[in-house]
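# Notes for the structure review
Residues per chain, in single letters:
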Amino acid sequence: MENRSFRRMGRTVGVIGLGAWQLGADWGEVSESDAHATLQAAVDSGVTFIDTADVYGDGRSEQIIGSFIKDKPQLTVATKMGRRVAQEPGNYTLDNFRAWTDRSRANLGVDTLDLVQLHCPPTPVFSTDAVYDALDTLVQEKRIKAYGVSVEKVDEALAAIARPGTASVQIILNAFRLKPLERVLPAAAEAGVGIIARVPLASGLLSGKYDESTTFAANDHRNYNRHGESFDVGETFSGVDFATGLEAVSRLRPFVPEGATMAQFALRWIIDQPAVTVVIPGARNQSQAHANAAAAELAPLSAETHEAVTAVYDELIRPQVHDRW
């Protein structure tokens, strides 16, 4: 698998990683044994970067990963913090950061966390000097090796990129979310900040496996968060109306390379963006993990295909989402 660099971390990782939200909660039930099998399949396929959060299953995802990585020093594990408390800027303090990272260190079974990201905090947090001072302190105390941010909005990403200690920005980027291409990716590339592309399949819409009759379990966010009832609606189907997403997929399907799946096509589109460091599709089983990693083996998509993605976005998706994030 192609490797790309987190320049400010001094690390390289496989360009396709694994998002571990599915292994914790909110996507239906995944047993611990199935989670371990999924992790092993990803690593066997060349994945070296795993992304999780302290809130996924209230620590379950971290704990599962922690039991898996004990003898695998080649892996980079990124976690996130901040969503287990009321979303008020005043909660983003050094004392809380210490407590949150200590909990994650225990869950993951490590002395020092590879990468900790603020987990889509309130917008004012991104411009608060004391927050970055506290994060720098965590590095000095060797609780963490590096820090980054996970964002909802372009302006939040740009504020974090401007800070010299920010190692990474995690942002929604996929064929239904093109806005980061305009300013965020160029700014990150110039600053040496890594880009972690999340929600790469638009919560599965870009897998091409859904239709108008598809239903989701009661404990699946694609059922209970379609209108932002529990967290930012942009995290579910990238904020795109389900029916619109299905229409967009039908228009893109003819451009899928022979022998590839719709999901692999969607991942290859993201990899084709040179400023992306790693894309983190989720997987609930071994076959999904293998298939996601295989997208890295596809040839870059043609200029015609990239133009088609942009055209579909401009016609169907841009009117819904472009100005919201």
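Relevant structure appears above.
Let me begin by describing the structure that accompanies this report. All values reported here derive from a predicted model rather than from experimental measurement.

## What to know about the pairing of strand β1 (residues 3–6)
Where β1 lies against strand β2 (residues 11–14), 4 bridges are found, and the strand directions are antiparallel. Bridging from a neighbouring strand, Ser-5 pairs with Thr-12 of β2. Linking β1 to β2, which pair antiparallel, is a turn of 4 residues; within it Gly-10 sits at a positive phi near 65°.

## What about the nonpolar core?
Within the largest apolar cluster, 95 residues are counted, with the highest numbers of intra-cluster contacts made by Phe-97, Val-169, Phe-176 and Leu-206. Here this core gets 8 residues from one element, more than from any other, and that element is helix α9 (residues 262–271). Those residues in contact with Leu-206, other than ones at most four positions away along the chain, are Asn-174, Ala-175, Phe-176, Pro-200, Leu-201, Val-249, Leu-252, Met-262, Ala-263 and Ala-266. Core analysis: the next-biggest nonpolar cluster, separate from the first, contains 11 residues, Phe-6, Met-9, Leu-115 and Val-278 among them.

## Remarks on the packing of aromatic side chains
Applying the stated criterion across every chain yields a total of 11 aromatic pairs. Ring centres of Trp-21 and Tyr-56 lie 5.6 Å apart, and the angle between their planes is 15°; on these two criteria the pair is classed as stacked. Taken together, the positions of Trp-21 in the loop between β3 (18–19) and α1 (32–44) and Tyr-56 in the loop between β4 (49–51) and α2 (60–68) put the pair 35 residues apart, joining distant regions of the chain. Here Tyr-92 and Phe-97 contribute two aromatic rings whose centre-to-centre distance is 6.3 Å and whose plane-to-plane angle is 80°, an arrangement assigned as edge-to-face. Given the relative accessible area of 4%, Tyr-92 is considered buried. Given a relative accessible area of 0%, Phe-97 falls into the buried group. By the ring-pair criterion, three or more aromatic residues cluster together here, those being Trp-21, Tyr-56, Tyr-224 and Phe-231. Of note, Arg-177 hangs over the ring of Trp-325, and the distance from its end group to the ring centre comes to 4.2 Å. In this structure, Arg-226 is placed above the aromatic ring of Phe-242, and the distance from its NZ or CZ to the ring centre is 4.7 Å.

## With respect to the sheet that holds strand β6 (residues 115–119)
Taking strand neighbours across the sheet as the criterion, the 8 strands line up as β3-β4-β5-β6-β7-β8-β9-β10 in an open arrangement whose pairing is parallel. Of all strands in the sheet, those bounded by a partner on one side alone are β3 and β10 (278–279). Pairing of β4 with strand β5 (residues 76–81), which is carried by 3 bridges, proceeds in the parallel orientation. Within the sheet, the bridge partner assigned to Ile-50 lies in β5 and is Val-77.

## Some points on the pattern of salt bridges
Evaluated as defined, the whole model comprises 21 salt bridges. With a shortest N-O distance of 3.6 Å, Arg-183 and Asp-155 are connected by a salt bridge. Of this pair, Arg-183 sits in the loop between β8 (166–172) and α6 (184–191) while Asp-155 sits in helix α5 (residues 154–161), placing them 28 residues apart in sequence. The partly exposed category is assigned to Arg-183, whose relative accessible area is 47%. Overall, the relative accessible area of 54% leaves Asp-155 in the exposed class. Among the ionic contacts, a cluster of salt bridges with common partners joins Asp-95, Arg-98, Asp-102, Arg-105, Glu-141 and Arg-143.

## A short note on unusual backbone geometry
For Cys-120, which is not a glycine, the phi torsion comes out positive at approximately 50°. You can see Cys-120 is positioned in the loop between β6 and α4 (129–140). Overall, Cys-120 belongs to the buried group, its relative accessible area being 8%. If you check the backbone angles, Ser-203 has positive phi at about 55° while not being a glycine. Mapped onto the fold, Ser-203 is located in the loop between β9 (194–198) and α7 (221–224).

## Re the packing of helix α3 (residues 94–108) against α4
It is the contact of α3 with α4, at a shortest axis distance of 9 Å, that shows an interaxial angle of 40°. With respect to α4, the axis of α3 lies oblique. Along this stretch, α3 crosses α4, giving a crossing that reads as right-handed. Contacts between α3 and α4 involve Leu-94, Phe-97, Arg-98 and Thr-101 from the first element and Val-131, Ala-134, Leu-135, Thr-137 and Leu-138 from the second. Its residues placed into classes, the contact of α3 with α4 shows 6 nonpolar, 2 polar and 1 charged.

## Section: helix α10 (residues 286–294)
Since the α-helix packs 3.6 residues into each turn, any two residues three or four apart lie on the same face. By the burial criterion, the buried members of α10 are Ala-289, Asn-292 and Ala-293. Considered in projection along α10, the buried side chains sweep an arc of 95° and stay on one side of the axis.

Reading the values: rules and limits
- Residues numbered from 1 in each chain as written.
- Predicted model: local features only at pLDDT ≥ 70, side-chain atom pairs only at ≥ 80, totals over all residues.
- Heavy atoms only, no water.
- Pairing = 2+ DSSP bridges.
- Helix = DSSP H or I, 4+ residues; strand = E, 2+ residues; numbered from the N terminus.
- Core = buried A, V, L, I, M, F, W, Y, C linked by side-chain atoms within 4.5 Å.
- Buried < 20%, exposed > 50% of the residue type's maximum accessible area, 1.4 Å probe, protein only.
- Contact = heavy atoms within 4.5 Å.
- Phe/Tyr/Trp six-rings, centres within 6.5 Å; stacked < 30°, edge-to-face > 60°.
- Lys NZ or Arg CZ within 6 Å of the ring centre and 35° of its normal.
- Salt bridge = Lys/Arg side-chain N within 4 Å of Asp/Glu carboxyl O.
- Axes fitted to C-alpha atoms, helices over the stretch in contact; angles between N-to-C directions.
- Parallel < 35°, antiparallel > 145°, perpendicular 65-115°, else oblique.
- Left-handed = near helix turned anticlockwise from the far one by under 90°.
- Nonpolar A, V, L, I, M, F, W, Y, C, P; charged D, E, K, R; others polar.
- Arc of directions from axis to C-beta.

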